[in-house]
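Fold and geometry: a report
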2 protein chains.
Amino acid sequence: MPRAGLSTQAVVQAAVEVIDEHGVAALTLAAVAARCGVAAPSLYKHVAGLTELKTLVGVRVLNELADRFADAAMGRSGADAITALMHAYRAYVTAHPARYAAMPVDPLHQPELAAAGIRQLEVIQAALRPWRLDPAGQIQTIRKLRVIAHGFASLESAGGFGLPEDLDETYQQLITTFLDSLPAHP
Amino acid sequence: MPRAGLSTQAVVQAAVEVIDEHGVAALTLAAVAARCGVAAPSLYKHVAGLTELKTLVGVRVLNELADRFADAAMGRSGADAITALMHAYRAYVTAHPARYAAMPVDPLHQPELAAAGIRQLEVIQAALRPWRLDPAGQIQTIRKLRVIAHGFASLESAGGFGLPEDLDETYQQLITTFLDSLPAHP
DNA sequence: CGTGCATGGCTAATGGCAGTAGCTTTTTGG
DNA sequence: CCAAAAAGCTACTGCCATTAGCCATGCACG
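Read on for an overview of the structure. What you are looking at is a predicted structure, and each value in this text was computed from that prediction instead of being measured.

Observations concerning the environment of B:Leu121
Residues and elements named next belong to chain B. Within the secondary structure, Leu-121 is located in helix H6 (residues 111-128). You can call Leu-121 partly exposed: its relative accessible area is 25%. As a C-alpha pair, Leu-121 and Ile-142 span 21 residues in sequence and 8.3 Å in three-dimensional space. Apart from residues lying up to four places away in sequence, Leu-121 is in contact with Leu-108 and Ile-142.

With respect to helix H4 (residues 78-95) of chain A
Residues and elements named next belong to chain A. Taking 1.5 Å of rise per residue, 18 residues should cover 26 Å, and H4 covers 26 Å from first to last C-alpha, within 8% of that figure. Those residues of H4 that sit buried are Gly-78, Ala-81, Ile-82, Thr-83, Ala-84, Leu-85, Met-86, Ala-88, Tyr-89, Arg-90, Tyr-92 and Val-93. Looking at the packing, one finds that the buried side of H4 touches helix H3 (50-73), helix H5 (97-100), helix H6 (111-128), helix H7 (135-157) and helix H8 (167-181).

Some remarks on the interface of chain B and chain A
A common way to report how large an interface is uses the accessible area buried once the components associate. With 29 residues of chain B at the contact, the number on the chain A side is 29 residues. Buried surface at the junction of chain B and chain A, summed over both partners, amounts to about 2,600 Å²; 61% is from carbon and sulfur atoms. Viewed at the interface, chain A and chain B are joined by zero salt bridges. Our count for the contact surface shared by chain B and chain A stands at 18 residue pairs in polar contact (both at pLDDT 80 or more). Here the side of chain B that touches chain A gets 11 residues from one element, more than from any other, and that element is helix H7 (residues 135-157) of chain B. Broken down by class, the residue content of the side of chain B that touches chain A amounts to 10 nonpolar, 12 polar and seven charged.

About the cut-offs
Residues numbered from 1 in each chain as written. Chains lettered and ligands numbered in written order. Predicted model: local features only at pLDDT ≥ 70, side-chain atom pairs only at ≥ 80, totals over all residues. Heavy atoms only, no water. Helix = DSSP H or I, 4+ residues; strand = E, 2+ residues; numbered from the N terminus. Buried < 20%, exposed > 50% of the residue type's maximum accessible area, 1.4 Å probe, protein only. Contact = heavy atoms within 4.5 Å. Expected span 1.5 Å × (residues − 1). Buried area = accessible area lost by both parts, 1.4 Å probe. Salt bridge = Lys/Arg side-chain N within 4 Å of Asp/Glu carboxyl O. Polar contact = N/O pair within 3.5 Å; in protein donor to acceptor, adjacent residues only side chain to side chain. Nonpolar A, V, L, I, M, F, W, Y, C, P; charged D, E, K, R; others polar.

Below is the structure:
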C-alpha cells in the first residue's frame, strides 16, 4: 500500500474542488477522501474533522478574495480603486459561485478566520483613505460597501436574479450610487 | 397508542420552531419528529421527505415576509412606502434571524415557491408606481432594492457586522442612498 | 349500532455519513 | 541498521433519511 502523500493543504484543495464541482452542500469527508484516493478516516491525519475542514476552506476563500482585492487596488486610488474592488469582488464570485457560499460572513468573530478577514478590510480602508473619513464614518462606509457587494454577489451566485440580463448595468448603478453617497474628496 | 393529530402544516410549524431555536442546520426529520412527539417515519404521512419539508418552510417564510410587506405598505406611498418596506424587511429578519436563512433567494425558479415570491414582488411594484418607471428601469430598481435589503439582512442575521452599534444608522443611510438614486417623482 | 376501510401511527431494516480505536506499513533520523 | 513517528488501513459505533410492512384508530355508511 503506497502512500498518497497528502497534506493539510492538499486536503483543503480537494475540498475546494468538491465544492466547485458539486456545491457547498456536497462537501463531505467521504467525497474529499474519494477525490484524494484515500479512505475517509485517513483524512483525520491531516484535518481534525469536517468542522475544521470547513474552517480551513473558509480561510482559503477569504485569502483568495483578499488577493484579488490587493491586485485590483494596486496602482489605483479614490473612486477608481473602489470601483476596481467592487468589480474584483463580483468577478471572483462569478468565477467560483459555489466557493463563495463557503466564505464565512463573520470572519472577525472566529480567531482562525480573523487574520484573513482583516486583510480584506485593510485593502478597503486603504482605498477609502483619500476621503479622510472619521473612524465612525469609515465603519459606516465599509458596512455599506459590504452590503452592496455581498448582497449583489450572494444573489447572483445563488441565481437570485430572474434574468441574467443587464446585470452588469445593475451592478454599475449600485457602485455609482455608493460612490455618490460619499462626501467629495480632494 | 393515541393519535398525534398531525397535519402537513403542523409539521411545517414544528420545523420552523426547530429552526428558530437551533438554527437552519439543525432542521432534521428526527428533530421535527421529536418535537411532534412522533417517530421519524411517521412524518412521511404528511411530508414527502426532508427536501419537501424545506421547500414548504421556504414557502411559509416567503409568505410571512410578504404579509409584513403588505402591512407595511398599506396606506403609504412613494418614499414613505419604500422606507416602510425596507424597515419591515429588516424587522422580520431581526425577529427571526434563523428563519431568514431558510428563505430561498431564487423563489421564481421553483414552481412551488413562485407564487409566494410574486406576492412580495407585487407589493414592491405597487410602492414604486409613483415613479412611473419603464419596465427595464423597474427591474433595475427592484434589483437594487433587493440587493440592499438582502445584503444588509443576511449580514446582520449572520452576525456579519463586527459591532451591533449604529446599525440603525447604517441601514437608514442605505435607504436614503437608494431613494436618492431614484428619479424625482410627482 | 356495527363494520369496513382509509388514515396515521408504529417497528424493523438499509445505506450513507462522521468520527473513534487500534493495527500495519512506510519513511525518516540518528 | 533500527527505532519510532507518520500515514495509511479496517472494523465499529451512532446518527440520520428513507423504505417496507404491520396494526390501531376512527370515520362513513349500511
